[in-house]
Amino acid sequence: MKIGITCYPTYGGSGVLATELGKALADKGHSVHFISYALPTRLSHFYENIYYHEVEFSSYPLFEYQLYSLSLASKMIEVIEYENLDLLHVHYAIPHAVSGFLAQQILKKNGIDVKMITTLHGTDITLVGLEPSFLPLVKFSIEESDGVTAVSRFLGEKTLTNYQINKDIQIIHNFVDTDVFKPVKNENFRKHIAPDGEKILVHTSNFRKVKRVTDTIKVLSLVKEEIPAKLVLVGDGPDRSECERLARELDLQKDVIFLGKQDGLVEIFGASDLFLMPSQSESFGLAALEAMACGIPAITSSVGGLPELILHNETGYIAEIGDIERMAKYAISLFKNERKFLKFSAKSRERAVTAFEKSKIIPQYEEYYEKILNS
Ligand code: GMT
């Protein structure tokens, strides 16, 4: 199959998922054409069957703002026509599904009928998409997509109710490559971060408000009242300065290590004990899944699709949004009981392998592609 994939190329779950999907499909012999404004972060080296088409920005004195959605639609048309694509799969509704729809309509006039599948990832439905100016566009583009998938049951249901849409939405959970994300021991990094054997909490995100990264620092502060611990923060984004300010205010600047954006997540998880995801809203929690595959239990908020991933009291714990005390209590209970911690760690890995391994989820996408192409 020849598939066009459009996603955000930046540090974020939807782009990561789309890129991993493209890589997995290419491994299975499909031709995958990424169409985006930059090379997706996880396309770090050459992969057979993967092609990249960069959206060019046209600058003209009259255009005070970049016309990205239109440039994207133009590039989609060009690639679909030239490469003879069977299918366009867009990730994150805004603006990708709208650009895709436009491309489809224009191609139809040239006698080319290409199907479009939209995968809904999270804030495209739960936050940005609900802004009054975007809502009609999101609703329209979902209704007009030939197929729609959502990354959790929660997100599928939210889409139908929030946008009053009557459509079949296929639920396909996030996945992880458990041959890549696996338990490893990174003693060097552990010693570097925690020279006195402190426990290591870890969080990775794009530091947006919705991630509540400051909560991870507050949790660390409470954990430290009972157990020596450090917090490793991976990623960057608008809330990073606020986090740095809070770490200084709580006198934790030596205990909170800001690594910024990093590719080597497996190595970082290999030196970590516990993953924190205290999000305000989280449609699935791909980063938590990747940590679990590395044998790292996760403590998360109880929002969105997280209960579809985390087995409370088995692979980690779930607490109410903002319940810092409870999250800290859970962390301390795991750190104080080595047997329980090891059990949670093994169960986390097992859950990643049995329920969300790449080889189980990719065929679901392939079957869905076939279904839409034959519809
Ligand atoms: O924030 C988003 O909705 C965008 C997206 C991203 O690019 O960071 O994240 C979402 O997609 C991931 C992959 O499907 C999910 O695992 C994340 O839970 C989801 N993030 C949120 O819902 C906040």
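This section reports on the structure supplied with the text.

The rules we used
Residues numbered from 1 in each chain as written. Predicted model: local features only at pLDDT ≥ 70, side-chain atom pairs only at ≥ 80, totals over all residues. Heavy atoms only, no water. Helix = DSSP H or I, 4+ residues; strand = E, 2+ residues; numbered from the N terminus. Buried < 20%, exposed > 50% of the residue type's maximum accessible area, 1.4 Å probe, protein only. Right-handed = clockwise from strand over helix to strand, strands pointing away. Pairing = 2+ DSSP bridges. 1 Å grid on protein atoms, 1.4 Å probe; cavity = no way out; pocket = protein on both sides within 12 Å on 5 of 7 lines; lining within 4 Å. Points joined across faces, edges and corners; volume = space filled by probe spheres on them. Nonpolar A, V, L, I, M, F, W, Y, C, P; charged D, E, K, R; others polar. Domains from an automatic or database assignment. Expected span 1.5 Å × (residues − 1). Contact = heavy atoms within 4.5 Å.

1. Some thoughts on the overall build of the chain
Scanning the chain from N- to C-terminus turns up 15 helices and 13 strands. Dimensions of the chain along its principal axes, counting C-alpha atoms only, are 70 × 45 × 40 Å. For the chain, the residues scored as buried account for 56% of the 375 residues in total.

2. Side note on the pairing of strand 5 (residues 115-120)
Among the six residues in strand 5, six count as buried, and that is most of the element. Burial of the side chains of strand 5 extends over both faces: Lys115, Ile117 and Thr119 are buried on one face and Met116, Thr118 and Leu120 on the other. Between strand 4 (residues 87-91) and its parallel partner strand 5, the chain crosses via helix 3 (residues 96-109), and the hand of that crossover is right-handed. Inspection of the sheet shows strand 5 paired to strand 6 (residues 147-150) by four bridges, in the parallel sense. What sits directly across from Ile117, in strand 6, is Gly147.

3. A few points about the layout of surface pockets
Size it by volume and the largest pocket reaches roughly 1,200 Å³. Here the lining of the largest pocket gets eight residues from one element, more than from any other, and that element is helix 1 (residues 13-27). Classifying every residue of the lining of the largest pocket gives 17 nonpolar, 20 polar and 12 charged. Counting only domains with at least three residues in the lining of the largest pocket, you end up with domain 1 (2-175 + 357-373) and domain 2 (187-356).

4. Focus on helix 13 (residues 324-336)
Given a rise of 1.5 Å per residue, 13 residues ought to cover 18 Å, and the 18 Å separating the end C-alpha atoms of helix 13 matches this to within 8%. Buried within helix 13 are the following residues: Ile324, Met327, Ala328, Tyr330, Ala331, Ile332, Leu334 and Phe335. Against the buried residues of helix 13 lie strand 8 (199-204), helix 8 (213-223), strand 11 (274-277), strand 12 (298-301), strand 13 (316-319) and helix 14 (338-356).

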